[in-house]
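Coordinates in review
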Amino acid sequence: MYLLLNNMPFIFNTVLLVGESTNPLLIAWTMSKYKKYEIFNKINKLTTYSYAFIRMFCLPIVSAGTCYSLYKQPNVSMTQKSIVTGLALIFNGGGIYWANNLLKGYWKWKRKQT
């Protein structure tokens, strides 16, 4: 248990950093959308593809690497490993689902523009 708790700040900080790296883009996107700024068309494309890339590829790779390194630790019980892996799967599944819906919404919006 001690080893898992020792690694939790690293796991938390890594996932938080990668996951929250999309936050400034989402704030710019939201502001430009609701304020009807002309730059919305450019920000919309940048935000959509950046968010999808980070949530669908970067975050799952980082989480998988973290879980893999945790599984190599002999002092961490299988229950603790399973809990961390399960949480990673839930969070990554939610991020992928959200990114997929964002892409669908962007493509629908794009078709209306043309």
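In this numbering scheme, every chain counts its residues from 1 along its sequence in written order. A pLDDT threshold of at least 70 governs which residues receive local features in this predicted model, and a stricter bar of 80 or more applies before side-chain atom pairs are shown or counted, although totals over entire chains, interfaces and linings include all residues. Remark: hydrogens and water are excluded; side-chain values derive from all non-hydrogen atoms of the structure.

1. What about the overall build of the chain?
Only runs of H or I of at least four residues qualify as helices and only runs of E of at least two qualify as strands under DSSP, and these elements are numbered from the N terminus. Of the regular secondary structure elements, the chain holds 4 helices and 0 strands. N-terminal to C-terminal, the α/β element order of the chain is α-α-α-α. In the chain, buried positions account for 31% of the 114 residues. Two residues form a contact once any of their heavy atoms are found within 4.5 Å. Long-range contacts, defined here as pairs at least 24 residues apart, represent 70% of the contacts in the chain between residues at least 6 apart. Only protein chains enter the area calculation, which uses a 1.4 Å probe; residues under 20% of their type maximum are buried, those over 50% are exposed, and those in between are partly exposed.

2. Details of helix H4 (residues 78–113)
In this analysis, the expected span of each helix is defined as 1.5 Å times one less than the number of residues it contains. When the terminal C-alpha atoms of H4 are compared, their 52 Å separation across 36 residues agrees well with the 52 Å that a helix rising 1.5 Å per residue should span. Taken as a whole, H4 has its buried residues at Gln80, Lys81, Val84, Ala88, Asn92, Gly95, Ala99, Leu102, Leu103 and Tyr106.

3. Structural notes on the environment of leucine 102
For leucine 102, the position within the fold is in helix H4. A C-alpha to C-alpha distance of 9.6 Å links leucine 102 and threonine 47, two positions 55 residues apart in sequence.

4. Regarding a nonpolar patch on the surface
A cluster of nonpolar residues, Ile27, Met31, Tyr37 and Ile39, forms a patch on the protein surface that exposes about 400 Å² of accessible area. Mapped onto the fold, methionine 31 is located in helix H2 (residues 23–34). Its relative accessible area of 48% is what places methionine 31 among the partly exposed residues. The patches described consist of residues with a relative accessible area above 30% and no salt bridge, like charges being joined within 9 Å and nonpolar side chains (Val, Leu, Ile, Met, Phe, Trp, Tyr) within 5 Å. Note on areas: Shrake-Rupley, 1.4 Å probe, and residue coverage restricted to the protein chains presented here. For salt bridges, the criterion is a side-chain nitrogen of Lys or Arg within 4 Å of an Asp or Glu carboxyl oxygen.

5. Quick notes on the packing of helix H3 (residues 40–71) against H4
Fitting a line to C-alpha atoms yields each axis, with helices limited to the stretch in contact; the angle taken between N-to-C directions then spans 0 to 180 degrees. Interhelical geometry of H3 versus H4 gives an angle of 165° and a closest axis separation of 9 Å. The pairing of H3 with H4 is recorded here as roughly antiparallel in orientation. Both H3 and H4 take part in a crossing whose hand is left-handed. Three classes are used, and their members are as follows: Ala, Val, Leu, Ile, Met, Phe, Trp, Tyr, Cys and Pro are nonpolar, Asp, Glu, Lys and Arg are charged, and the others, Gly among them, are polar. Here the residues of the contact of H3 with H4 sort into 21 nonpolar, 9 polar and 3 charged. Roughly parallel here means an angle under 35 degrees, roughly antiparallel means over 145, roughly perpendicular means 65 to 115, and every remaining angle is called oblique. With the far helix as reference, a near helix turned anticlockwise by less than a right angle produces a left-handed crossing, and one turned clockwise produces a right-handed crossing.

Honestly, that's just the spatial picture; any functional story needs more than this.
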